[in-house]
Amino acid sequence: MVDVRILVTGGTGQLGSVVVARLRAAGEEVRVLSRRPAPDVVRGDLRTGRGIDSAVAGTDVVVHCATDYFGREAEIARTLVEAARWAGGPHLVYVSIVGVDRVPLGYYRAKRETEQVFAASGLPYTIQRATQFHALVRTLFAGASRLPVLPVPRLSFQPVDVRDVAERLADLALDDPAGRADDFGGPEILAAAELAQAVAEASGRRRRIVPLSVPGETFRAYADGGHLAPDHRDGKITFDRYLSEQADAGVLRYRNR
């Protein structure tokens, strides 16, 4: 088998580090790109372009896990695409979010624009949309779980574990370019009230849940399920399992007040 040299951008982050571990466990040659100095990491900054050409050089696949929360997602994608062209056109794998074309949220619009950058690049590409990560959903409700009453919106989530998404991305990196791949969702679709209660109980608290209807176009899109992938419950790790693992590690243990 021919060696596949893979670059993972954002390879020290929440998702990227797990993708790197998966690929290396499979015996693949992996290069990690990060802005921050760390052992076994190639320094590079997609915001400025510094170090990107040399990081991409010689690669067959680039798994793009780096992200930007300040509206520059498409800009850094263009920097990566330009470096990929100079490097001979490696397969670009991009992780996006389910519902970026249905939920009018600024970050989602940036993700959608970035998808279009890769699709119009003329390079081989695969776009994988995933539902919300377990950690994000936990963070949404963790702060509120300290309140005596938990107000939660009347909508549902389909949380997915980064380990499941990383496994899918590793498989895509080793496969032929697929263009827009099938969406990837968590194994369960749960009401926000259920998720909020689960987070509170995992923290050793019991709280009264008060479901709320929230006005606005964005929340209406969420309430209509625009961020869900009910036909693609591909993840295996449930939210309850994730919470139990976090509690075992001491992450969710707080003192009751």
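Each remark here, short or long, concerns the structure printed above.
To start, this report covers the structure provided alongside it. (Residues numbered from 1 in each chain as written. Predicted model: local features only at pLDDT ≥ 70, side-chain atom pairs only at ≥ 80, totals over all residues. Heavy atoms only, no water.)

**Things to note about the environment of S17**
To be explicit about the condition: Every helix listed is a DSSP run of H or I at least four residues long, and every strand listed is a run of E at least two residues long, numbered separately from the N terminus. When checking whether two residues touch, look at their non-hydrogen atoms; a contact exists if any pair is within 4.5 Å.
Tracing the sequence through the fold places S17 in helix α1 (residues 16-25). Taking C-alpha positions, S17 is 36 Å from V214, a pair spaced 197 residues apart along the chain. Ignoring sequence-local partners within four residues, the contact set of S17 consists of G10, G11 and T12.

**Quick notes on the packing of helix α3 (residues 73-86) against helix α4 (residues 106-119)**
Angle between the axes and distance between the axes are the two parameters that describe a pair of packed helices. What counts, and what does not: As a rule, the C-alpha atoms of each element are fitted with a line to give its axis, helices using only the stretch in contact, and angles between N-to-C directions run from 0 to 180 degrees. Relative orientations are named as follows: roughly parallel for angles under 35 degrees, roughly antiparallel for angles over 145 degrees, roughly perpendicular for angles from 65 to 115 degrees, and oblique for any other angle. By the definition used in this description, the sense in which the near helix is turned from the far one sets the handedness, with an anticlockwise turn below a right angle giving left-handed and a clockwise turn giving right-handed. Put simply, Ala, Val, Leu, Ile, Met, Phe, Trp, Tyr, Cys and Pro go in the nonpolar bin, Asp, Glu, Lys and Arg in the charged bin, and everything else, Gly too, in the polar bin.
Close contact between α3 and α4 brings their axes to 8 Å; oriented N to C, the two are set at 20°. Accordingly, the angle class assigned to the pair α3 and α4 is roughly parallel. α4 is crossed by α3, and the crossing has right-handed handedness. Within the contact between the two elements, α3 uses E73, A74, A77, R78, L80 and V81 and α4 uses Y107, A110, K111, E113, T114, V117 and F118. In the contact of α3 with α4, the residues fall into eight nonpolar, one polar and four charged.

**So, a nonpolar patch on the surface**
This is how it is decided: Think of a patch as exposed residues, more than 30% relative accessible area, with no salt bridge, where like charges cluster within 9 Å and nonpolar side chains (Val, Leu, Ile, Met, Phe, Trp, Tyr) cluster within 5 Å. Here the open area of atoms and residues is found with the Shrake-Rupley method and a 1.4 Å probe, where only the protein chains shown may cover a residue. Here, a salt bridge means any Lys or Arg side-chain nitrogen found within 4 Å of an Asp or Glu carboxyl oxygen.
A surface patch of nonpolar side chains, about 220 Å² in accessible area, is lined by L212, V214 and F219. On the secondary structure map, F219 appears in helix α8 (residues 217-223).

**Some thoughts on α1**
Spacing of three or four residues puts side chains on the same side of an α-helix, whose turn is 3.6 residues. Filter applied, for reference: Per-residue accessibility, obtained with a 1.4 Å probe over protein chains only, is compared with the maximum for each type, and a residue is labelled buried under 20%, exposed over 50%, and partly exposed between these values. Taken from the helix axis, the directions to the C-beta atoms give the arc we talk about.
Buried within α1 we find G16, V19, V20 and L23. One side of α1 holds all its buried residues, which, seen down the axis, span an arc of 100°. Turning to α1, the residues buried within the fold contact β1 (5-9), β2 (29-34), β4 (61-64) and α6 (162-173). Positive phi appears at G27, one or two residues downstream of α1, with a value of about 85°.

**Description of the packing of aromatic side chains**
For clarity, the threshold we go by: Put simply, two rings from Phe, Tyr or Trp (the six-membered ring, in Trp's case) pair if the centres are within 6.5 Å, and we call them stacked under 30 degrees between planes, edge-to-face over 60, tilted for the rest.
One pass over the structure, following the stated rule, counts six aromatic pairs. With a centroid separation of 5.1 Å and 40° between ring planes, the pair formed by Y94 and F118 is classed as tilted. Linking Y94 in strand β5 (residues 91-97) with F118 in helix α4, this pair joins segments that are 24 residues apart in sequence. Both residues of the pair, Y94 and F118, belong to the buried class. Grouped by ring-pair contacts, the aromatic residues Y108, F219 and Y222 constitute a single cluster.

**A closer look at the sheet that holds β1**
The cut-off we apply is this: Paired strands, as defined in this entry, are two strands with at least two bridges between them according to DSSP.
Spatial ordering of the open sheet is given by β3-β2-β1-β4-β5-β6-β9, a layout of seven strands whose pairing is parallel. Two strands lie at the open edges of the sheet, namely β3 (42-43) and β9 (179-180), each paired on one side alone. Judged from the two bridges that link them, β2 and β3 form a sheet pairing that is parallel. Bridge pairing in β3 places S34 opposite R43. Against the sheet, α4 contacts β4, β5 and β6 (125-130), and its axis sits at roughly 160° relative to β5.

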